[in-house]
Amino acid sequence: METESLLTGSVNGAPGDYGSRSGPDSERALSSRRMSYSVARESCSVERDTDDEDLYVQQAIVFIEDAIQYRSINHRVDASSLRLYRWYYSRICQWGLGLTITVVLLLAFVERPSSLSVSSDPRHRSTPWEPPCGFTESIEIVCLMIFCLDLAVKSYLIGWDEFRKSKWLIGYTVVISVSIIDWVLSVSMVCDEKLRVRRLLRPFFLLQNSSLMKKTLKCIKRTLPEIASVILLLALHLCLFTMIGMLLFAKTEDPKKNGEWQLHFRNLTTSLTSLLVLLTTANNPDVMIPAYSLNRGYAIFFVAFSVIGTYCLMNLLTAIIYNQFRGYLLMSVQTSIIRRRLGIRAAFQVLSCQGAQREAQRFADLGFMDREQFRKIFEELDKDRIKEHPPLPQYNSLILQRLQVIFSHYYLTIFGNAVALANVICICTILVLNSEKSTAERDNYILEIINLCFILFYLFEMCVKIFAFGWRGYLSYRNNIFDGFLTILLLALQITIYATYRLPYSHWDPSSHGVMSLWEMVRLVNMLIVFRFLRIIPDIKLMALVASTLLDLVKNLRAFAGILVVVYYVFAVFGIWLFEGAIKPPPEISVLSNTSMENITSNLTMECGTYEQLQYWPNNFDDFAASIILLYDVMIVNNWQAFMDAYSRYTTEWAKIYFVCWWLTSSVMWVNLFVALILENFIYRWDRSHSCSVTDVERIRYETSVQLMFKYVNEPTEEELLCQLHQHPHLHLHW
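The protein chain is annotated in an unreviewed UniProt entry as Two pore channel protein 2 from Seriola lalandi dorsalis. Here is the UniProt Sequence similarities (unreviewed entry) comment for the protein chain, exactly as written: "Belongs to the calcium channel alpha-1 subunit (TC 1.A.1.11) family. Two pore calcium channel subfamily."

Structure representation (structure tokens):
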């Protein structure tokens, strides 16, 4: 969220800028202007350990910063604690803590089993680099010491009473303690331990450092009962059709009619697995072919199962997750809104106390500000930021003025988009004509001449826009920056081609080499031209809205991605513990690793569609990076039954529980949750921009943080705010 202005508003009709981003600058700005206005006098006093009147202003600054960042104000407010508090929440400290969390999470890629090899395929993988004992342990203990310092500072700032109420801080203490004990055991065993418990606990450091992640996790926990009810209904649906299937496809005396029984309904476990995979459509229509080939009526069973389970119950689950999670998130965000209002109210209260009022008497001629006016100033934090473009340059010549009107017109951009489309069509046409030709047979002469003409037009378009808008005006549009950068890059590549291969002529040798071959350079130019065509996105309102929604998801919904990182991390660690080295390719495959796929398949008797026949050897749990990719493949649910079947055959049937749990967590829970958030984000932006033009969409920078998406909640009353202020553990107000 943008926080460039702490206070933006006007007093008695005079606009003013009363602060800036949190930090020393905001302190100086507010201190230099701190009594350029005075709050309305209210009878109050604040108990202090010191008579320093500047403390009131320092407290107000911190409370305002807390309001901007949606932080709780329940912390110590004496002078030394405020300095420590502002240092702790400074950008450098928070970046340092974030870097520490990143480093401790990335250790899993280096620790044994190491992921530092080119390939994860056991047939081709070279011996990965294993760090010496003490290398990763030294890095880890430094990170743990930083976490200890972080815990100590947090505990001191909120006080012992608040610490005992915080389950997250108590959990933080336990996790750090267990990690240090496990680290000591690891070092004492000379890094030869088989199980590192602390590895499983590391994602907690990421969770506890984000208040929005904690809120999301809490909302997910509250949504689980509703989700469980639908999952139980899915389980009932699955069990019912499993029993019907086992009765329908029972073993007969005729071996020719036992294909369905033998492949998919041989026993209870196989039947459940087959229909569970069918629920995800991963084995459709394979699962029904043996029966369907005998009698077309058997298709009714599988169609009925898919319609009820896949298209009704699974979509109902998405609707429940969207509705219930949104409701709980709305209540959770209400807490953040209350924190902001409480911080603003606390800042007003300390500024209206006796010490600050005495300081204000020197500036009484500028007028006073009551509580409502003070609150309205901070409503600017919830408004859209309007990006104003610099004024157009002024030209004295009438001819230049008319040219400026022409070149600054929106139709020039439309014409430029049409030219870019024509360029892409030309490239596509030539690629189709040359698709069957080798590099030596391609004639790039015509394509180079065409590209040169188009690039010269792009250069002309860029120059006339700079003439019309000026440098600052041209660069104030993000699509112009994108367009101009690619135009300059394309021009540089063209100059390089002509400098390397002389002027174009019809007998160019495309395979000749300089730094790059001619074909490689032409291919790079073509890719950049195609990429440049994305310039049309900001000029099509709906497309711009969709693209900006995706960008906002990346920027503002990182907390939800963080939850997914935590889930991936935990399941990957469990996967390594359970299945590391479980699947090894047979020796004959290792010997034939350099032969063709056809030879390998023909020399082995493997069932079609199995892990071995599909050559899924790189997908394994032999190291952390490979585990992440395998979990991703299962989350996509394409051929996920091959992994589940393989690990259940190589280990035990109970391995299926692991894969089903991951499918429920990732594909059912998280993907549906993410769909719900995309819907909410898009609806929010659509509703706000529905009446805007393309130009307005370009000018307005929508602040789609989660708090602002749900900001239209019930505002706290004055009585609720005062009640919470009275309960502040360190700020004792007397009215």
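## Observations concerning the nonpolar core
Phe147, Phe205, Trp640 and Phe659 are the most contacted members of the largest nonpolar core, which totals 96 residues. Apart from the residues lying within four places of it in its own chain, the contact partners of Phe659 are Phe579, Phe621, Leu630, Val634, Trp640, Phe643, Met644 and Tyr647. Core analysis: the next-biggest nonpolar cluster, separate from the first, contains 20 residues, Phe63, Phe348, Leu351 and Leu721 among them.

## Quick look at a positive patch on the surface
A cluster of basic residues, Lys167, Lys218, Lys221 and Arg222, forms a positive patch at the surface. Counting residues per element, the positive patch draws most heavily on helix H10 (residues 211–248), at three residues. On the secondary structure map, Arg222 appears in helix H10.

## Structural notes on helix H12 (residues 268–279)
If you check H12, its first and last C-alpha atoms are 17 Å apart, about what 12 residues at 1.5 Å a residue would give, namely 16 Å. Among all positions in H12, only Ser271, Thr273, Ser274, Leu275, Leu276, Val277, Leu278 and Leu279 are buried.

## Side note on unusual backbone geometry
Phi is mostly negative for residues that are not glycine, and the peptide bonds are mostly trans. At the junction of Arg112 and Pro113, the peptide bond is cis and its omega measures out at 0 degrees in the coordinates. With respect to the helices and strands, the residue Pro113 is situated in the loop between helix H4 (91–110) and helix H5 (135–158). Note that the residue after Asn284, namely Pro285, is joined by a cis bond; omega there is 5 degrees. Looking at the secondary structure, you find Pro285 in the loop between H12 and helix H13 (289–292). Of note in the backbone geometry, Cys191 takes a positive phi value of approximately 60 degrees without being a glycine. Even without a glycine there, the phi angle at Gln615 is positive, about 60 degrees. Assignment of secondary structure puts Gln615 in the loop between helix H25 (597–602) and helix H26 (624–636). The exposure class assigned to Gln615 is buried, which follows from its relative accessible area of 10%.

## Quick notes on the confidence of the model for the protein chain
Across the protein chain, the average pLDDT comes to 78, with 75% of residues at or above 70. At the level of individual helices and strands, the protein chain shows its lowest average pLDDT in strand E1 (residues 8–11), which scores 32, and its highest in H5, which scores 95. Contacts of residues 359–364 to residues separated by more than four positions or lying in other chains number seven contacts, the stretch itself having pLDDT below 50. Taken together, the stretch residues 697–704 has pLDDT below 50 and engages in 39 contacts with residues farther than four places along the chain or on a different chain.

## With respect to a nonpolar patch on the surface
Residues Ile170, Val174, Val178, Leu195 and Val197 make up a contiguous nonpolar surface patch of roughly 360 Å² in combined accessible area. Ranked by the residues each element gives to the nonpolar patch, the list is headed by helix H7 (residues 167–188), at three residues. Classification of Val197 as partly exposed rests on a relative accessible area of 36%.

## What to know about the packing of aromatic side chains
By convention here, two paired aromatic rings are described through the distance between centres and the angle between planes. Tallying each qualifying case throughout the model produces 44 aromatic pairs. Aromatic pair Phe147 and Phe205: ring centres 4.1 Å apart, planes at 20 degrees, arrangement stacked. One end of the pair, Phe147, is in helix H5; the other, Phe205, is in helix H9 (residues 203–208), and 58 residues separate them in sequence. Ring-pair connections join several aromatic residues into one group, and the members of that group are Tyr568, Phe571, Phe579, Tyr611, Tyr616, Trp617, Phe621, Phe643, Tyr647, Tyr658, Phe659 and Trp662. Positioned above the aromatic ring of Tyr156, the side-chain terminus of Arg76 is 4.6 Å from the ring centre. Here the guanidinium or amino end of Arg532 rests over the ring plane of Tyr458, the centre of that ring lying 3.6 Å away.

## Describing the pattern of salt bridges
Here the structure, examined in full by the defined rule, presents 22 salt bridges. Between Asp182 and Arg198 there is a salt bridge; the shortest N-O distance is 2.8 Å. Linking Asp182 in helix H7 with Arg198 in helix H8 (residues 197–201), this pair joins segments that are 16 residues apart in sequence. Of the two residues, Asp182 and Arg198, both sit in the buried class. Two residues, Glu653 and Lys656, come together in a salt bridge whose shortest N-O distance is 3.1 Å. For Lys656, a relative accessible area of 12% puts it in the buried group. Three or more residues joined by partner-sharing salt bridges are found here, namely Glu111, Glu137, Glu140, Asp182, Glu193, Arg196, Arg198, Arg199 and Arg202.

## Focus: the packing of H4 against H5
Contact geometry of H4 with H5 gives a least axis separation of 10 Å together with a crossing angle of 150 degrees. Classified by the interaxial angle, the pair formed by H4 and H5 is roughly antiparallel. Considering the relative orientation of H4 and H5, their crossing is left-handed. Every residue of H5 that contacts H4 at Leu97, Thr100, Ile101, Val103, Val104, Leu107 and Val110 is listed here: Thr136, Ile139, Glu140, Cys143, Ile146, Phe147 and Asp150. For the contact of H4 with H5, the per-class residue count stands at 10 nonpolar, two polar and two charged.

## Quick look at the packing of H10 against H12
As a packed pair, H10 and H12 sit with axes 9 Å apart at the nearest point and diverge in direction by 125 degrees. Judged on the interaxial angle alone, H12 and H10 are oblique. As for the relative orientation of H10 and H12, their crossing is right-handed in sense. Listed contacts from H12 to Leu234, Leu238, Phe241, Thr242 and Met246 of H10 are Leu268, Ser271, Leu272, Leu275, Leu276 and Leu279.

About the criteria used
- Residues numbered from 1 in each chain as written.
- Predicted model: local features only at pLDDT ≥ 70, side-chain atom pairs only at ≥ 80, totals over all residues.
- Heavy atoms only, no water.
- UniProt positions renumbered as here; feature names shortened; annotations may be inferred.
- Core = buried A, V, L, I, M, F, W, Y, C linked by side-chain atoms within 4.5 Å.
- Buried < 20%, exposed > 50% of the residue type's maximum accessible area, 1.4 Å probe, protein only.
- Contact = heavy atoms within 4.5 Å.
- Patch = residues over 30% accessible without salt bridge, like charges linked within 9 Å, V, L, I, M, F, W, Y side chains within 5 Å.
- Areas by Shrake-Rupley, 256 points an atom, 1.4 Å probe, with all protein chains shown as cover.
- Salt bridge = Lys/Arg side-chain N within 4 Å of Asp/Glu carboxyl O.
- Lys, Arg positive; Asp, Glu negative; His and termini not counted.
- Charge placed at Lys NZ, Arg CZ, Asp CG, Glu CD.
- Helix = DSSP H or I, 4+ residues; strand = E, 2+ residues; numbered from the N terminus.
- Expected span 1.5 Å × (residues − 1).
- pLDDT = per-residue confidence, 0-100.
- Phe/Tyr/Trp six-rings, centres within 6.5 Å; stacked < 30°, edge-to-face > 60°.
- Lys NZ or Arg CZ within 6 Å of the ring centre and 35° of its normal.
- Axes fitted to C-alpha atoms, helices over the stretch in contact; angles between N-to-C directions.
- Parallel < 35°, antiparallel > 145°, perpendicular 65-115°, else oblique.
- Left-handed = near helix turned anticlockwise from the far one by under 90°.
- Nonpolar A, V, L, I, M, F, W, Y, C, P; charged D, E, K, R; others polar.

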